[in-house]
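Close look at the chain arrangement
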Amino acid sequence: METIQLETRVSQDRSPVVAARELLEADYRADAEAFQQRSREGAEVDVRALVRSRSHTVDRVLALIWNRYTFARSPDISLIAVGGYGRGELHPHSDIDLLILTRNGIDESWQEDLGAFVTLLWDLKLDIGHSVRSIEESVAAARNDVTILTNLLETRTVAGPDDLRAELSRKVYSDEVSSDIDYFVAKREEQKKRHGKYGDTEYNLEPNVKGSPGALRDIQTIGWITKRHFGVQNIAELIRFNVITEEEHQILLKCETFLWQVRYGLQLIADRNENRLLFDHQRALAKMLGYRDQGKRLGVELMMQAYYRTVLALAELTDVILQYYDEAIIGAGNDDDVVPLNKRFQIRNFYLEAVNNQVFAYSPYAIMEIFVLMAQHPEVKGIRATTIRSLRAHRHLIDDAFRSDLAVTSLFMELLRTPHNLDQTLSAMKKYNVLGRYLPEFGQIIGQMQYDLFHIYTVDTHTLRVIRNMIQLDSVERRHDYPLASRLIHHLPKLETLYIAGLFHDVAKGRGGDHSELGAVDAEAFCQRHHLSDRDTQLASWLVENHLLMSITAQRRDISDPDIIFAFAEAVPSQVHLDYLYVLTVCDISATNPKLWNTWRASLLRQLYIEAKRALRRNSQTPVDRHEWIRATQAEAREILYAQNMTDEQIDRVWETMDEDYFLQDSTVDIAWQTAAIIRHGDDPNPLVMIRDTRGGPTDGYSQIIIYMNDRIDLFAATTAVLEQLNLNIVDARISSGNGPRSVSSYIVLDEKHKPLGVDPARKERVHRRLIEELDDPADYPDIIHRRIPRQLKHFAFPSEVTLYNDTVNQRTIMEVITPDRPGLLARVGQTLLEHRVRLTNAKIATLGERVEDVFFVTDEHGDPIHDSEACHSLQQDLCKMLDEIS
């Protein structure tokens, strides 16, 4: 009754805006409540009915308003819904696209009323887009713009005579506007560009549920091509044209329904026309859709995995359908080029094809063979649609017996050993759901995201990118980016062992427990099933179990310490193991996040590799003599200083004030450079600040800042505060206090664009001047910066962890800090250390996405390890409190 009263008011009130908005809002609230309640209860939501209902309500309101005006009685003007609204699909905040269509143009008597009608539409606060055109004007616009043409393929009459729309559709669907071929090519190219915009991957961390690859726009593209080619209005009608099967139609419907649920819920949460699945909304949406945490898997991760698997299935299906259209529209009438390969397969027009649809039934091993043939024939563009369908129909044959079949395992090993773009072949196997069935452990990680900014790819995509990096190490570009790895890969005895380690290194993620240990068990079972030798099996399993060893040691341990090198070398059985591990580590890090791999991490890994290689040659059972190392370093640096006319007296005067660690951590060239500058500085009481861009060695491509000044317990806190004010990223820090009144501090930095300071000499000078100004007065402590936390970081808060333990060999305390990244974080850590009278001697800075994992080497104010357990506990508590309060 209330709805009827509102409709009456829309028709009769002097101003229908209030009643129309009440009618629309009442419908919106009712549908939203129904969606949220059924989702919360875990009940099935008929999102299709809700989407249609919204469209129907808008139809009623617009028709009532249209009929208030005198032009509505004319047979020469109609209100037409176009685009998504023309399909009868409206999500809570979808655009409403309208065409005011006239037969021959606008009659002068309509002008004022039409202006009032359009103004009233805006007053409704709906996202309305409108155009006013005659039939001929619409045809001309469609002829010149494929987007307008596409909108006019999907039309409904909302008000007014329907014969105008029918006449327009007749012309739009004819070759008068666009040929079948031209339209198909235009939409195919449009899709390629759109996919390119999203990196040609279905697996973006914040995907667009409308435009990303495999999302709603891909389904709509199929619909548009279908309508233009066959003149039908429903994709279901393609079944009778043998374009799709009933099974494929059900897959399309199921995937579309899921994506509609995601989009519907997303727009309710965002309260606007939002199609980007931003981190801001993912947790709330997962909760709304009924996804709950399961063990260590977050509900949001489960929702995103469902999304990724949905769009992957759609990508496979759209491949099949678009390939059919390619053959039917573009290839119509052309002769086929067929190249026989064997009794089971042939190449037809550069696509692999089974000779009949029973090949996989008679010879199940052919399911694996077809991918080996892809690898052996790089001219092949893909698998023909009919064969993809046959493959899908026989995937059930991939069972335990299939996985253990000698013919199949031999073919898979042949695939790994065939020189080609292995990652692309494995991607095709994944897309067609063969890889996940053949390796069930891999199937579990397909679409599995990790809810952070460090891992920007799903586990399966990351894994295949690791394989891609391995393959590309031989390219010119990669030889420049990864020179040592590119050289080592040619010395690895068997590349397939490396590929197996790459495939399995993260395969156990999400199961609970140590994924390295669990993955090693899986890798061992795989190797045994594929009849690898005991030696190769042990190597592959060891690589998987230890795939994090090198990166953790390089990034979180003090690799200038001979004892750390000795311990690492002890864990590596041989030089061959070290070579494999280095290549795997490089490919793994660079495939995790493009921003993660940089010259700093590269140099740390290279330094660790070189030192470990020396240790292995010496025999790692013999620890490095720390004092001999220092003597050798000093001797080499002294020769460099002699060449600069420095005397032993000058050199010794400086070195006598340095602690032993100083000679363990810098290169001899750096030690000589710093010593010479300190000698020249003499007794000047002002701070000595030296800045230079580094070339070669562990800091290649960075800027190094050396500060020599009177030692202060607040030195780290003050310096980091200044550097962070200057918007510099600190990647390494060290303070060598020594025995004298002065200390040497070293900071490795980059600017906010990840460039060294040398690219901007003026800025380099400003940094130099600012450091001297801020550090020359102990009472003038610089302010800690307060910058806005980036949007994405806000959604990855987690409790900070601080762990302290003593290093009795080096007489210091090691403090590990794991916390969300925040502006000014290092300065705040320094301030807290200062409040507790704790000195910093060294720091390893590692930012992994939104996660900071820093290691600080500290002592008490007397230079000793912190033995007092209460002092350690107090420092730990204060650090965690301070870090968790940053906002």
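Everything here concerns the structure above.
Below is a short write-up of the structure. (Residues numbered from 1 in each chain as written. Predicted model: local features only at pLDDT ≥ 70, side-chain atom pairs only at ≥ 80, totals over all residues. Heavy atoms only, no water.)

Thoughts on the packing of helix α26 (residues 515-529) against helix α27 (residues 534-545)
Condition: Only the stretch in contact is used when fitting a helix axis, every axis being a line fitted to C-alpha atoms; angles between N-to-C directions are given from 0 to 180 degrees. Strands are runs of DSSP state E lasting at least two residues, helices are runs of H or I lasting at least four, and both sets are numbered from the N terminus onward. Any angle between 65 and 115 degrees counts as roughly perpendicular, while under 35 counts as roughly parallel, over 145 as roughly antiparallel, and the rest as oblique. Helix crossings fall into two classes, left-handed where the near helix is turned counterclockwise from the far one by less than a right angle and right-handed where it is turned clockwise. The contact criterion used throughout is that any non-hydrogen atoms of two residues lie within 4.5 Å. Classification convention: Asp, Glu, Lys, Arg as charged; Ala, Val, Leu, Ile, Met, Phe, Trp, Tyr, Cys, Pro as nonpolar; all other residues, Gly among them, as polar.
Running from N to C, α26 and α27 point in directions that differ by 160 degrees, and their axes come no closer than 8 Å. Looking at the two axes, α26 sits roughly antiparallel to α27. Here α26 runs over α27; the crossing is right-handed. Residues S516, E517, G519, A520, A523, E524, C527 and Q528 of α26 form the contact with α27, whose own contacting residues are T537, A540, S541, V544 and E545. Looking at side-chain class alone, the contact of α26 with α27 contains 5 nonpolar, 5 polar and 3 charged residues.

Concerning the pairing of strand β15 (residues 838-844)
For a regular strand, side chains alternate in direction, first toward one face of the sheet and then toward the other. What counts, and what does not: Summary of the burial criterion: residues with accessible area below 20% of their type's maximum are buried, those above 50% are exposed, and those between are partly exposed, where the area comes from a 1.4 Å probe applied to protein chains only. Two strands qualify as a pair provided DSSP detects at least 2 bridges between them.
The element β15 is extensively covered by neighbouring structure, given that 7 of its 7 residues are classed as buried. Strand direction decides the pairing type here: strand β11 (residues 729-736) and β15, joined by 3 bridges, are antiparallel. Note on β15: the bridge partner recorded for R734 is N842. Note that β15 and strand β17 (residues 851-860) share 6 bridges and pair antiparallel. Bridge assignment links V838 to a residue of β17, and that residue is D860.

Notes on the side chain of R812
Looking at the secondary structure, you find R812 in strand β14 (residues 812-820). Taking relative accessible area as the criterion, R812 reaches 4% and is therefore assigned buried. Apart from residues lying up to four places away in sequence, R812 is in contact with D558, D561, D661, Y805, N806, D807, F857, V858, T859 and P865.

Overview of the nonpolar core
To keep things clear, this is the line we draw: Residue types Ala, Val, Leu, Ile, Met, Phe, Trp, Tyr and Cys, when buried and joined through side-chain atoms within 4.5 Å, form a set referred to as a nonpolar core.
Counting residues in hydrophobic clusters, the biggest one holds 150 residues, and the most contacted among them are F371, F412 and L426. Sort the elements by how many residues they give to this core and helix α13 (residues 299-330) lands first, with 14 residues. In terms of nonpolar packing, the next biggest core, distinct from the first, is built from 42 residues, A733, L771, V829 and C880 among them.

A look at the state of the cysteines
Using the following cut-off: Throughout, disulfides are identified as pairs of cysteine sulfur atoms within 2.5 Å of each other.
Evaluation of the coordinates by the stated rule reveals 0 disulfides. Its sulfur unpaired, C587 is 18 Å from the next cysteine sulfur, which belongs to C527. You can call C587 buried: its relative accessible area is 1%. Free cysteine: C880, not disulfide-bonded; nearest cysteine sulfur from C872 at 13 Å. For C880, a relative accessible area of 15% translates into the label buried.

Concerning the sheet that holds strand β8 (residues 382-383)
Taking strand neighbours across the sheet as the criterion, the 4 strands line up as β5-β6-β7-β8 in an open arrangement whose pairing is mixed. The sheet terminates laterally at β5 (338-340) and β8, the two strands that pair on one side only. Taken together, the 4 bridges between strand β6 (residues 345-348) and strand β7 (residues 351-354) define a ladder with antiparallel strand orientation. What sits directly across from F345, in β7, is A354. Seen against the sheet, helix α15 (residues 366-376) touches β6, β7 and β8 and runs at an angle of roughly 45 degrees to β6. Against the sheet, helix α16 (residues 385-393) contacts β7 and β8, and its axis sits at roughly 50 degrees relative to β7.

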